[in-house]
Amino acid sequence: MEIDPFIFRLSIFILSIFIGYYVVWSVTPSLHTPLMSVTNAISSVIIVGAIIAALAGESGNILDTANIFGFLAIILAAVNIFGGFLVTQRMLAMYKKKKKDKK
Amino acid sequence: MISANLLAVFYLISGVLFILALRGLSSPETSRQGNLFGIIGMVIAIGVTIVSVGNFSTGFFYLLILLIIGGSIGTFIAFKIPMTAMPELVAGFHSLVGLAAVFVAISAFLNPEAFKLGTPGNIKIASLIEMSLGAAIGAITFTGSIIAFLKLRGIMSGSPVTFKGQHYLNLILGIVAIALIFYLCSSQAASLFWNIIGISLLLGILLIIPIGGADMPVVISMLNSYSGWAAAGIGFTLENTALIITGALVGSSGAILSYIMCKGMNRSFFSVILGGFGGTDQISTAKNNERKPVKTGNADDAAFLMKNASSVIIVPGYGMAVAQAQHALREMVDALKKNGVKVSYAIHPVAGRMPGHMNVLLAEANVPYDEVFELEEINNDFANCDVAYVIGANDVTNPVAKSDPQSPIYGMPILDVEKSKSVLFVKRSLSPGYAGIDNDLFYRDNTLMLFSDAKKMTEEIVKGL
C-alpha cells in the first residue's frame, strides 16, 4: 500500500516545528524584535498561493471572483515582504559593536 | 513550465534559506547575512511560482503592477516608520498576513481546480479542513492584530475591555466554528465557509480586547505564532513545502516568544490570554494608598550623583519609548563615560511593548549592543553599582515581587535595582505602573525621585554634567 503524500507533508511540518524550536531558542534576546519582523516577512511566502490563485483559469477571464481575491492577497503579501525585510534590514544595520579605541 | 518535482526542490531550497535567515539572528554579526538569505528564499519562491503557472498574459501584467504597488507601500513604511512605533508596525503586518491567508483560502474554495483540489461543491475533505482552518486562524490573526494595533497606537484605550460571560462566549464561538467545519465537510455549502470566516473574525476581536497594554508583548508574539499556523494551514491546502516549513518556523517562533514573555512576568499563558489584568486590581491599590514620604531631586542632584559614581546601570522601560528619550540618554551616557564612569544597560525581558523593544531603541541611538545586558547577565551587578538610573520602567523594578506573596506581581523576576547604592527614578508622578500597584522603591532611603518627562530630565542632566 502506498503512503498518502499528506503523511510526507505532515512529517515535514512536524520536523520544521522542531527546527524552529531549536533555531529560535538560539536567537539572542536583543534581536527578538528583528526576529518578529523577519518571521513576519517570511510568512508572506503565502504570496505563492496568491499568485497561483490570481493567475488561474484559462478561460481568458482573469477577473473572476477567485482571481480577484488572489490579486488582493498579492498586494497584502507584497506590502509585507518588502516592508518586513527592509525594516529588518534597517534595524539590523543599527546594531553595532563598541568601537575599538584607536591608539 | 517546470516539472512538479523541480518546483518542489526549489520550494525546499527557499524553505532552507528561511531557516538560515532565522539562524542568522543568533548574533548581530551574522544577522544581516541571514536577512539576505531570507530575501533570496523569497525571490526564489516567487520566481518559480510565476514560471510554473506559466501564464504571461494580462494576469501577469496585473501581477507585476500589484507587486510594484504593494512593494512601494511596504518600502515606504519600512523607511519612514520611527523605531518607537515598531510594536504597532509588527501588529499591522501580522494583520496583513492573516488577511492574505483568508483571501487565498477563499480563492481556493471558489476555484479549487486551480489548486487541483477537486471541483466546486466537490472539494477533497482533507483540503476543506486545511483551507477552513487556514482561513479561520487567518481571520483571527487579522482582527486580533488590528485590535492590538489600535491599542498600541493609542487609538483604542489600552485598558482591558471585559464583560460578564466573555470567556464562555469565546468558548461557544470557538466550538461553533469547529462544528461548522465538520458540517462543511459533509455539505460543501459555501454559506458555511463564509460563516466560519465571519465567526473567526469576531473571535479575533473578542480574544484581544480583554488584554491590557503591558501584556502586549505576549499578544504580539501570540499573533505572530497564529500567522505562522495560518500560513501552514494554507501550505497543506496548496501542498507547498515552502509554506509548510515557513508556517511551522513562524508558528513555533511566536510560541517560544510568548513563553519567554510569560515567564518574564511570571504569569501563565492562560491568565494572559483570559485577560483583565491591571484593570481590576483594586485591593492592592487601596491598601497602599497612604502617602509615605519620598525624596525628590532635580537634574543637578542627579548629575552630581552620577558624575561621582564609578559605575552606573541604566534601566530603560516603556516610558523611555513614549518620551523618545533614547538619544538624550545616549548623550548622557557619553558624557558620563568622558568622566570615567562605567555605564551599562539592563533590559528586563518584558520592558516595552514587544520582545526586544528596548534593544532596538538603544541600537537606534547608537548604543553598542555589547553594553546592553539581559536580566540574568546583569542582575548581580546592581549590588556593586553606585547609581541605578531607572528611566520609564516601573513594575519590573518593584521589590514587592520578591517580598509580598499577596502582590499580583509576586514571583515575577525583577531587576534588583534596590541593591545599588542609590537609585535615580525618572517618572512623571507617583502613580502606580501598569499592574496597578505601588512601587516600594519610591519610598526607599536610597531612592531619589526625579519628577519630569524622561527626555526633558535626561537632557537637563546632560547640561549639568
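Scroll up to find the structure this text is about.
Attention in this report is confined to the structure presented alongside it. (Residues numbered from 1 in each chain as written. Chains lettered and ligands numbered in written order. Predicted model: local features only at pLDDT ≥ 70, side-chain atom pairs only at ≥ 80, totals over all residues. Heavy atoms only, no water.)

## Details of the packing of aromatic side chains
Here is step 1: Considering all chains together, one arrives at 13 aromatic pairs over all chains under this definition.
Here is step 2: Ring centres of A:Phe71 and B:Tyr62 lie 5.8 Å apart, and the angle between their planes is 85°; on these two criteria the pair is classed as edge-to-face. Residue A:Phe71 is located in helix α4 (residues 65-94), and its partner B:Tyr62 is located in helix α3 (residues 58-80); the two belong to separate chains.
Here is step 3: The exposure class assigned to A:Phe71 is buried, which follows from its relative accessible area of 7%.
Here is step 4: Ring geometry for B:Phe109 and B:Phe193: centres 4.2 Å apart, planes at 10°, overall stacked. Within this pair, whereas B:Phe109 is found in helix α4 (residues 86-110), its partner B:Phe193 is found in helix α7 (residues 190-208), the two being separated by 84 residues in sequence. As far as the burial class goes, B:Phe109 and B:Phe193 line up, both buried. (Phe/Tyr/Trp six-rings, centres within 6.5 Å; stacked < 30°, edge-to-face > 60°. Helix = DSSP H or I, 4+ residues; strand = E, 2+ residues; numbered from the N terminus. Buried < 20%, exposed > 50% of the residue type's maximum accessible area, 1.4 Å probe, protein only.)

## Topic: the sheet that holds strand β3 (residues 311-316) of chain B
Residue and element names in this part refer to chain B.
Here is step 1: Spatial ordering of the open sheet is given by β5-β4-β3-β6-β7-β8, a layout of six strands whose pairing is parallel. Two strands in the sheet have a free side with no partner beyond their single neighbour: β5 (372-374) and β8 (447-451). Adjacent strand axes in the sheet meet at a mean angle of 25°, parallel and antiparallel pairs treated alike.
Here is step 2: Two strands pair when backbone bridges link them, and β3 and strand β6 (residues 387-391) are joined in this way by five bridges, in the parallel orientation. Residue Val315 lies in a different strand from β6, and its bridge partner there is Val390. (Pairing = 2+ DSSP bridges. Axes fitted to C-alpha atoms, helices over the stretch in contact; angles between N-to-C directions.)

## Brief notes about the side chain of A:Thr33
Here is step 1: In this structure, A:Thr33 sits in helix α2 (residues 32-43).
Here is step 2: Among the residues examined, A:Thr33 registers a relative accessible area of 1% and is labelled buried.
Here is step 3: At 3.3 Å, the side chain of A:Thr33 forms a polar contact with the backbone nitrogen of B:His357.
Here is step 4: Beyond its immediate stretch of four places on either side in the chain, A:Thr33 contacts A:Met91, B:Met86, B:Met354, B:Pro355, B:Gly356, B:His357 and B:Val360. (Polar contact = N/O pair within 3.5 Å; in protein donor to acceptor, adjacent residues only side chain to side chain. Contact = heavy atoms within 4.5 Å.)

## Describing a negative patch on the surface
Residue and element names in this part refer to chain B.
Here is step 1: The grouping of Asp300, Asp301, Glu331, Glu459 and Glu460 at the surface amounts to a negative patch.
Here is step 2: For the negative patch, the secondary structure elements donating two or more residues are α12 (299-307) and α18 (454-464).
Here is step 3: Structurally, Glu459 can be placed in helix α18.
Here is step 4: Taking the relative accessible area as the measure of exposure, Glu459 reaches 35% and is therefore partly exposed. (Patch = residues over 30% accessible without salt bridge, like charges linked within 9 Å, V, L, I, M, F, W, Y side chains within 5 Å. Areas by Shrake-Rupley, 256 points an atom, 1.4 Å probe, with all protein chains shown as cover. Salt bridge = Lys/Arg side-chain N within 4 Å of Asp/Glu carboxyl O. Lys, Arg positive; Asp, Glu negative; His and termini not counted. Charge placed at Lys NZ, Arg CZ, Asp CG, Glu CD.)

Function cannot be read off these values alone, since they describe shape.
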